[in-house]
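# Overview (structure and organization)
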Protein chains: 2
Amino acid sequence: MSRYWSDFVASLQPYTPGEQPQIDNLVKLNTNENPYGPSPRVLEAMQALLNEDLRLYPAPNSDRLKSTIAKHFKLDSCQVFVGNGSDEVLAHVFNGFFRQSEPILFPDISYSFYPVFCQLYGIDYRQVALADDFSLRLTDYLQPNGGIIFPNPNSPTGRLVPLDEIRLLLDQNSDSVVVVDEAYIDFGGVSALSLIDDYDNLLVVHTLSKARSLAGMRIGYALGAKALIEGLDRIKNSFNSYPLGHLQVAAAVASFEDVDYFNDICHRVVKARGALIESLEGLDFMVLPSAANFVFVSHTQCDAAQLSIQLRERGVLVRHFQQPRIANFLRITVGSVQQNAFLLGLLKETLAEL
Amino acid sequence: MSRYWSDFVASLQPYTPGEQPQIDNLVKLNTNENPYGPSPRVLEAMQALLNEDLRLYPAPNSDRLKSTIAKHFKLDSCQVFVGNGSDEVLAHVFNGFFRQSEPILFPDISYSFYPVFCQLYGIDYRQVALADDFSLRLTDYLQPNGGIIFPNPNSPTGRLVPLDEIRLLLDQNSDSVVVVDEAYIDFGGVSALSLIDDYDNLLVVHTLSKARSLAGMRIGYALGAKALIEGLDRIKNSFNSYPLGHLQVAAAVASFEDVDYFNDICHRVVKARGALIESLEGLDFMVLPSAANFVFVSHTQCDAAQLSIQLRERGVLVRHFQQPRIANFLRITVGSVQQNAFLLGLLKETLAEL
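Residues numbered from 1 in each chain as written. Chains lettered and ligands numbered in written order. Predicted model: local features only at pLDDT ≥ 70, side-chain atom pairs only at ≥ 80, totals over all residues. Heavy atoms only, no water.

## Side note on the sheet that holds strand 9 (residues 285-287) of chain A
Residues and elements named next belong to chain A. The three strands are arranged 9-10-12 in an open sheet whose pairing can be described as antiparallel. In this open sheet, the two strands that pair with only one neighbour each are strand 9 and strand 12 (330-333). Across the sheet, the axes of successive neighbouring strands diverge by a mean angle of 40 degrees, strand direction being ignored. Sheet topology note: the strand 9/strand 10 (residues 294-299) ladder contains three bridges and is antiparallel. Looking at strand 10, one finds that phenylalanine 285 is bridged to histidine 299. (Pairing = 2+ DSSP bridges. Helix = DSSP H or I, 4+ residues; strand = E, 2+ residues; numbered from the N terminus. Axes fitted to C-alpha atoms, helices over the stretch in contact; angles between N-to-C directions.)

Structure (structure tokens):
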């Protein structure tokens, strides 16, 4: 606390990211990273830039990356915004579109950064309860609002909203921006980006941190109507002209170019998820349907918080949220086949002892 | 323009960065990049990270980089804040300390991003005129204010404020934060960081884009009292938990570790600046005293705007600002010995023709 802070700083309750321990040999199943590394072509593209040209500023608008993404999704470059991780993209989205007279809406159980962005920008919000089965009912969002945002698939639940329900929402909510935060869409969901040309208030946000295995590089993007992207660009150019460096752009471009690698690792994660769910159910876990690279589980007998501590002591990190309704759940990232086997072995041991 | 924008978005006048043309063979003397690349040890450190671990999130607080910077400057880690370029650091500084009831103060001729940050955060500001010789008189800042910021050396002038004047200002201005933006300090200035332990309202902002040759990597930092850094961390953790990726941290750490390389290239730039100034004066340019890696010049006969166009046509970019008081000046980055010779040759030709 300091008398020099702007008034609102003292009131901020910052987001708590999942632990990034600097300890070797921990199996990290707590922050939904991909068990597979980025494409070798990504590493080669970065390698090629390790030279004296790093002394030069990057292109301020990352045009090469924008046009690569546009081409990949059959959009125009002016429909693409890029940023330093999807969190930065989301921050600009909240600032640019959600400072309205009505409160914005998002699920009560969801990405816990949303209320933090609201604090940062003085945005009023209303949390809409998920159904008892943790499904997201978009019909509940048909109420006056200054904007709507939800992850799809949702985190930490993993549950997916079908595209036709998103279309219904957009049909009936044309006065505010609807943001679909698709960080996990590549693990089995259907993206809302096919609706972008039909709805000028739809914004789809993606990250390269999950399916594209580049959490360590900080790259995210948003897709939407030209006027929405222009609004984001105005903010970005009033905040930091050069959010992405040379290596971020090169890594991202190469990632989009290596389609086969991407499809292969997504397929492997989805397959591993199926096997993991089956095994967890065999250990008396209740597992929510998941379209993401994690599963959200609750044990019929064991307390989730206690289980997460036990797992940590034995070298596996999973995520436990101290939050009403989900305090007895664990969010477990789908790891490699070996990591999942290790987790399951530990769970068997731990459950036997409890 | 879109009806979905938050009200203030339409009013933003974004910062215009110097051109980053994607054309080969242009001599770029317009954005004050270092003519020398980063240390070979920086490239090696980045090389070592081109592997599958890029799938993992970085440490959210970049602790390794903070402790390296702290050690380098004989400070404590809790006195260091890091961000994605010094522009991001400055944005958080404006948001965190400058939203006050009194207007903030900065020079009328200065970094043109300052008024843009003010727009973004709704901050009232007053521009304090530089003296006729473009020197910055800190005694003019002894007036009610919500904060003070100035670059030292100033840009685009290159002029330096001596440390004792900064100390005098701090002695008489203890109710608001004083930010010394030292992007160019390593080319001959004396940093205000020696005053940090004496003044809890002093913040010093640095970048790795200039003297450390890493503009393409986007790394900046701030040094100050623990409570100021804590305020910045609260904002950062409400905006983007992971602003710096693995390679940014590794590059920055290695840069601080290779002291000899750093000293050598700074020395070379300073030496080249001296020679450049002498030659420019020989061509009838008035050159302001410079403690930066650029010179601010005005020709006794030739119009600056016209000269900048002529130079561009012949392959050299310099920076011209359409702004009262300095419309007849050019800001020219000190390039390599070869680049400077090329520039001088062109200037001779161009001046002879005009």
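## A look at helix 7 (residues 246-257) of chain A
Along its 12 residues, helix 7 of chain A runs 17 Å from first to last C-alpha, staying within 8% of the 16 Å computed at 1.5 Å per residue. Among the 12 residues in helix 7 of chain A, 10 count as buried, and that is most of the element. Every buried residue of helix 7 of chain A is accounted for by A:Leu247, A:Gln248, A:Val249, A:Ala250, A:Ala251, A:Ala252, A:Val253, A:Ala254, A:Ser255 and A:Phe256. Structurally, helix 7 of chain A contributes buried residues whose contacts are with helix 1 (40-47), helix 2 (63-72), strand 8 (220-224) and helix 8 (259-282) of chain A together with helix 1 (40-47) and helix 7 (246-257) of chain B. (Expected span 1.5 Å × (residues − 1). Buried < 20%, exposed > 50% of the residue type's maximum accessible area, 1.4 Å probe, protein only. Contact = heavy atoms within 4.5 Å.)

## A look at the side chain of A:Ser255
All names here are of chain A. Here serine 255 shows up in helix 7. Classification of serine 255 as buried rests on a relative accessible area of 6%. Ignoring sequence-local partners within four residues, the contact set of serine 255 consists of Val42, Leu208, Arg212 and Leu214.

## What to know about the packing of aromatic side chains
Aromatic rings in a pair are described by how distant their centres are and how their planes are angled relative to each other. A full pass over the atoms with the stated rule returns 35 aromatic pairs over all chains. An angle of 25 degrees between the planes, with centres 5.1 Å apart, marks the rings of A:Phe106 and A:Tyr125 as stacked. Taken together, the residues span a long stretch of sequence, with A:Phe106 in strand 3 (residues 104-107) and A:Tyr125 in strand 4 (residues 125-128) at a distance of 19 residues. By relative accessible area, A:Phe106 is classed as buried at 1%. Aromatic pair B:Tyr111 and B:Tyr114: ring centres 5.5 Å apart, planes at 80 degrees, arrangement edge-to-face. (Phe/Tyr/Trp six-rings, centres within 6.5 Å; stacked < 30°, edge-to-face > 60°.)

## Observations regarding the relation of the copies chain B and chain A
In summary, the two copies of the chain are related to each other by a rotation about an axis coupled with a shift along it. At an RMSD of 0.0 Å, chain B and chain A line up after a rotation of 180 degrees and a shift of 0.0 Å along the axis. Each copy turns onto its partner about a two-fold axis. Measuring from the rotation axis to each C-alpha of chain B, the shortest distance belongs to B:Gln47, at 3.5 Å. Counting the interface residues of chain B, we find that 100% of their copies in chain A are interface residues as well, pointing to one common contact surface. (Least-squares fit on C-alpha atoms with pLDDT ≥ 70 in both.)

## Digging into unusual backbone geometry
Residue and element names in this part refer to chain A. Cis rather than trans, the peptide bond between asparagine 152 and proline 153 has omega equal to -5 degrees. Residue position: proline 153 is located in the loop between strand 5 (148-151) and helix 5 (163-172). Along the chain, serine 155 connects to proline 156 via a cis peptide bond; the corresponding omega equals 10 degrees. Notably, arginine 325 is not glycine yet its phi reads approximately 75 degrees, a positive angle. Following the sequence through the fold, arginine 325 ends up in the loop between strand 11 (316-317) and strand 12.

## Focus: the domain arrangement of chain A
Put simply, an interface is often sized by how much accessible area is lost when its parts join up. All names here are of chain A. Once the domains are mapped, chain A shows domain 1 (7-38 + 260-353) and domain 2 (40-258). In this structure, domain 1 and domain 2 have C-alpha centres spaced 24 Å apart. Each side of the interface is counted separately: domain 1 has 35 residues, and domain 2 has 37 residues. Summed over both sides, the interface between domain 1 and domain 2 buries roughly 2,900 Å², with carbon and sulfur atoms accounting for 62% of that surface. Area buried by domain 1 at its contact with domain 2 is led by Tyr15, Pro38 and Arg325, which between them contribute 25% of it. Between aspartate 108 and arginine 325 there is a salt bridge whose closest N-O contact spans 2.7 Å. For the pair domain 1 and domain 2, the interface holds 18 residue pairs in polar contact (both at pLDDT 80 or more). Put simply, the parts of the chain that give the side of domain 1 that touches domain 2 at least two residues each are helix 8 and strand 10. Of all the elements, helix 8 adds the most residues to the side of domain 1 that touches domain 2, at eight residues. For the side of domain 1 that touches domain 2, the per-class residue count stands at 21 nonpolar, nine polar and five charged. (Domains from an automatic or database assignment. Buried area = accessible area lost by both parts, 1.4 Å probe. Salt bridge = Lys/Arg side-chain N within 4 Å of Asp/Glu carboxyl O. Polar contact = N/O pair within 3.5 Å; in protein donor to acceptor, adjacent residues only side chain to side chain. Nonpolar A, V, L, I, M, F, W, Y, C, P; charged D, E, K, R; others polar.)

## Here we look at the interface of chain B and chain A
Taken residue by residue, the interface counts 84 residues in chain B and 84 residues in chain A. A combined buried area of about 6,900 Å² lies between chain B and chain A, and 56% of that area is made up of carbon and sulfur atoms. When residues of chain B are sorted by the area they lose upon contact with chain A, B:Tyr4, B:Arg55 and B:Tyr57 head the list and together hold 13% of the total. Applying the counting criterion to the chain B and chain A interface returns two salt bridges. Linking A:Asp175 and B:Arg3 is a salt bridge whose minimum nitrogen-to-oxygen distance equals 3.2 Å. If you look at where chain B meets chain A, you find 49 residue pairs in polar contact (both at pLDDT 80 or more). For the side of chain B that touches chain A, the elements supplying multiple residues, two or more each, are helix 1, helix 3 (86-97), helix 4 (114-121), helix 6 (226-236) and helix 7 of chain B. Per-element tally for the side of chain B that touches chain A: the top contributor is helix 3 of chain B, with seven residues. Tallied by class, the residues present in the side of chain B that touches chain A amount to 42 nonpolar, 29 polar and 13 charged.

## Here's the deal with the confidence of the model for chain A
With 99% of its residues at a pLDDT of 70 or more, chain A has an overall mean of 96. As a predicted assembly, this complex carries a pTM of 0.97 together with an ipTM value of 0.97. (pLDDT = per-residue confidence, 0-100.)

## Observations concerning the environment of A:Leu208
Residue and element names in this part refer to chain A. Among the secondary structure elements, leucine 208 is positioned in the loop between strand 7 (202-207) and strand 8. Along the sequence, leucine 208 and valine 253 sit 45 residues apart, while their C-alpha atoms lie 11 Å from each other. Those residues in contact with leucine 208, other than ones at most four positions away along the chain, are Ser213, Leu214, Ala215, Ile219, Tyr221, Ala252, Ser255 and Phe256.

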